[in-house]
Amino acid sequence: MEFIRIAEALKAGKVNDVKTYTEMALSAGKEPKDIINEGLMAGMNVVGEKFKNGELFVPEVLIASKAMNAGMEIIKPLLKEGDVVSKGKCVFATVKGDLHDIGKKLVCMMMESSGYEVVDLGVDASPEKIVNAVKEHDADIVGMSAMLTTTMLSMKKTVEALKENGLYDNVKVMIGGAPVTVNYAEEIGAHYSPDSTEAVELANELM
Ligand code: B12
């Protein structure tokens, strides 16, 4: 019952209700990892599917993700080591010269709710910044977003920089954004996904 209430409140983007029901579930003795998996993530998975099918739009997804984060903030300090098994470490960024971040944030959020650890470098990230973050965090996946035809070129530069630094063979590169195509991804040595739900499926295949 507690889990259903959390999932329903998350789907409706009711941030305060998600907080309240999460706290109530904890008071009722529910395990933090069950609250995440059967409450928060169960709700978010439905949101992801509906977004993919065109039944929900960006503002609703952003509000749902805010509700998810509100629940996660309460749970995070209570998680025991081993409760959440990380599927892999990812570094995400919108590439140099590009300030669009709504799509990238959605992808990051879906990856996190699917069990990946995500380091989000924000927008306007240079190849050097991305390379340094991959080194620092020993990343398994690099995700790059570009929304402008002009900034797509920075994706290629970043792949080249990963190669020059001997990192390319140890990391999977995923790219996306409105002007990006599967052909471009193949050309530069990366993997493509058209949206956030398929991005998670792609990451699962690559890992
Ligand atoms: C919102 C928006 C803005 C906002 C951005 C706010 C923000 N915080 O992001 C603002 C107003 C700042 C803006 C500015 C500009 N914009 Co603008 N913008 C848009 C708009 C309307 C929507 C983009 C969006 O958020 N879509 C919703 C999200 C959910 O979709 P998405 O980003 O595509 O992401 C999904 C997938 O692509 C994929 N994905 C995305 N990233 C990644 C990464 C990985 C790794 C993977 C696997 C998948 C993936 O998954 C996401 C979720 O499903 C688009 C129009 C459009 N049709 O795209 C124009 C658009 C992208 N903008 C455009 C332009 C020209 C500009 C400006 C140059 C305008 C100007 N003259 O100043 C500036 C550039 C600023 C800069 N340097 O970046 C053009 C680009 C044209 C081109 N082909 O180059 C577009 C296409 C509009 C148009 N038709 O002209 N913009």
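Right above here is the structure, for reference.
Attention here is on the structure that accompanies the text. These numbers were taken from a predicted model, which means no experiment stands behind them. (Residues numbered from 1 in each chain as written. Predicted model: local features only at pLDDT ≥ 70, side-chain atom pairs only at ≥ 80, totals over all residues. Heavy atoms only, no water.)

## Observations concerning the overall build of the chain
Part 1 of the argument: Assigned secondary structure in the chain consists of nine helices and five strands.
Part 2 of the argument: Ordering the α and β elements of the chain from the N terminus gives α-α-α-α-β-α-β-α-β-α-β-α-β-α.
Part 3 of the argument: Whereas a compact globule of 207 residues would reach a radius of gyration of roughly 17 Å, the chain reaches 18 Å, a difference of no more than 12%.
Part 4 of the argument: The 207 residues of the chain split such that 45% are buried.
Part 5 of the argument: Pairs at least 24 residues apart make up 71% of the contacts formed inside the chain by residues separated by at least 6 positions.
Part 6 of the argument: Carbon and sulfur atoms make up 52% of the accessible area of the chain, which totals about 10,300 Å².
Part 7 of the argument: Of the side chains in the chain, 22 bear a positive and 32 a negative charge, and the two mean positions are spaced by 3 Å. (Helix = DSSP H or I, 4+ residues; strand = E, 2+ residues; numbered from the N terminus. Rg over C-alpha atoms; globule rule 2.2 N^0.38 Å. Buried < 20%, exposed > 50% of the residue type's maximum accessible area, 1.4 Å probe, protein only. Contact = heavy atoms within 4.5 Å. Areas by Shrake-Rupley, 256 points an atom, 1.4 Å probe, with all protein chains shown as cover. Lys, Arg positive; Asp, Glu negative; His and termini not counted. Charge placed at Lys NZ, Arg CZ, Asp CG, Glu CD.)

## Observations concerning the side chain of S196
Part 1 of the argument: Structurally, S196 is set in helix α9 (residues 196–206).
Part 2 of the argument: Judged by its relative accessible area of 6%, S196 is buried.
Part 3 of the argument: Sequence-distant contacts of S196, defined by excluding residues within four places in its chain, comprise F51, L106, V107 and M110.

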